[in-house]
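Analysis of the macromolecular model
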Amino acid sequence: MIDRFIDTNGIRLHYVEHPGDGPTVLLFPGLNANAVFFQGLVREGLSPALRVLAVDLRGRGHSDAPDTGYTMADHAADIVGMLDELGIEQAVIGGHSFGGLLTYFLTANYPDRVGRAVVMDAPAEVNLTVIEQIRPALDRLRLVSPSWEEYLASVKAMPYYEGWWDLDLEAYYRADVRVNEDGSVQSRLDPDKIQQALEGTTTIDWPTLAETIEVPVLMLRATAPFGPPGYPPLVSSEEVQRTMQVLRLVRLVELPGNHITSMFGASARTAAEAIIDFVRAD
């Protein structure tokens, strides 16, 4: 894992490179996530089978966090500028959740720059009721804990895990935090900027946009319930079917686990194998 920075679209973007001999794949994390989120996929073989560049989107991780500029168009311009700086004419791109929406947006608006697209647990539509399902994750952004140990205990107590844990997941949360002068720990993220990014997803007609996508798309869907007790999976089978009806070339792989846990542990192996097969397909 190699930490790198690149200047693009007026900001400094951080990304993590996992070297590989295969095609280059750019991966975008979720709304309030960072590049280490994809460590589980990498551990299960995504790299070195592929060259993986996992990106901290603006306002996340170690990337710059300007006061404004969190629309999908802003995020997309960051990534196109990154491709230009790296001399990559065309890449496979993919993203989880919010990063999946960004994948749709980039593929539709910059078709010459995208060879294939991987969308992880993100239909081509926005259902604002999911905010309650992700509420514990959003509330975490305002949490200040006396120590890393207490912060981690609060994370493990969120309803998404129920006793399940994974060291790659722990590394992802550790990458998210900063340590204050008094030793307390909190997320690096500014909730107001994450709110801007969330609002930016609501101004787009996602089904109409998805209809213009002509490259092959791999959809990964987590099948387990997500959020407080009683909630369904974050992405319903009906939402996936509606998205598949508007995409021209699409393949669906369903994963055990929920919106987060499906990207780690044994489920990550299934996801990594599906991505590798899809990228290498003729």
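Read across the open sheet, the three strands follow the order 7-9-8; overall the sheet is antiparallel. The open sheet has two edge strands, strand 7 (144-145) and strand 8 (177-179), and neither has a second partner. For strand 8 and strand 9 (residues 185-187), the ladder comprises three bridges, and the chain directions are antiparallel. Counterpart to Val-179 in the pairing with strand 9 is Val-185. Strand contacts of helix 6 (residues 148-156): strand 7, strand 8 and strand 9, with the helix running at about 45° to strand 9, the strand carrying the most contacts. The strands touched by helix 7 (residues 167-176) are strand 8 and strand 9; relative to strand 8, the strand with the most contacts, the crossing angle is about 55°.

This paragraph deals with the packing of aromatic side chains. Under the definition given, this model contains ten aromatic pairs. With a centroid separation of 5.6 Å and an interplanar angle of 90°, the aromatic rings of Phe-37 and Phe-38 are classed as edge-to-face. Of the two residues, Phe-37 and Phe-38, neither departs from the other in class, the shared state being buried. Linked through ring pairs, Phe-37, Phe-38, Tyr-160, Tyr-161, Trp-165, Tyr-172, Tyr-173, Phe-226 and Phe-264 together constitute an aromatic cluster. In this structure, Arg-58 packs its charged tip against the face of Tyr-70, placed 6.0 Å from the ring centre. We note Arg-116 situated over the ring of Phe-278; from NZ or CZ to the ring centre the distance is 5.1 Å.

With that out of the way, let us pick up helix 1 (residues 39-49). Every buried residue of helix 1 is accounted for by Gln-39, Gly-40, Leu-41, Val-42, Leu-46, Ser-47 and Ala-49. Axial view of helix 1: buried residues confined to an arc of 140°, hence all on one face. The exposed residues of helix 1 that point more than 90 degrees off its buried face are Arg-43 and Pro-48. Structurally, helix 1 contributes buried residues whose contacts are with strand 2 (11-18), strand 3 (24-28), strand 4 (51-56), strand 6 (114-120), helix 7 and helix 11 (265-280).

The next subject is the pairing of strand 5 (residues 91-96). Summarising burial for strand 5: six of the six residues are buried, a large majority. Pairing between strand 3 and strand 5: four bridges, direction parallel. Residue Val-25 lies in a different strand from strand 5, and its bridge partner there is Val-92. In terms of strand pairing, strand 5 meets strand 6 through six bridges, oriented parallel. Counterpart to His-96 in the pairing with strand 6 is Met-120. Regarding topology, helix 3 (residues 98-109) serves as the crossover connection from strand 5 to the parallel strand 6, and that connection is right-handed.

Definitions and limits used
Residues numbered from 1 in each chain as written. Predicted model: local features only at pLDDT ≥ 70, side-chain atom pairs only at ≥ 80, totals over all residues. Heavy atoms only, no water. Pairing = 2+ DSSP bridges. Helix = DSSP H or I, 4+ residues; strand = E, 2+ residues; numbered from the N terminus. Contact = heavy atoms within 4.5 Å. Axes fitted to C-alpha atoms, helices over the stretch in contact; angles between N-to-C directions. Phe/Tyr/Trp six-rings, centres within 6.5 Å; stacked < 30°, edge-to-face > 60°. Buried < 20%, exposed > 50% of the residue type's maximum accessible area, 1.4 Å probe, protein only. Lys NZ or Arg CZ within 6 Å of the ring centre and 35° of its normal. Arc of directions from axis to C-beta. Right-handed = clockwise from strand over helix to strand, strands pointing away.

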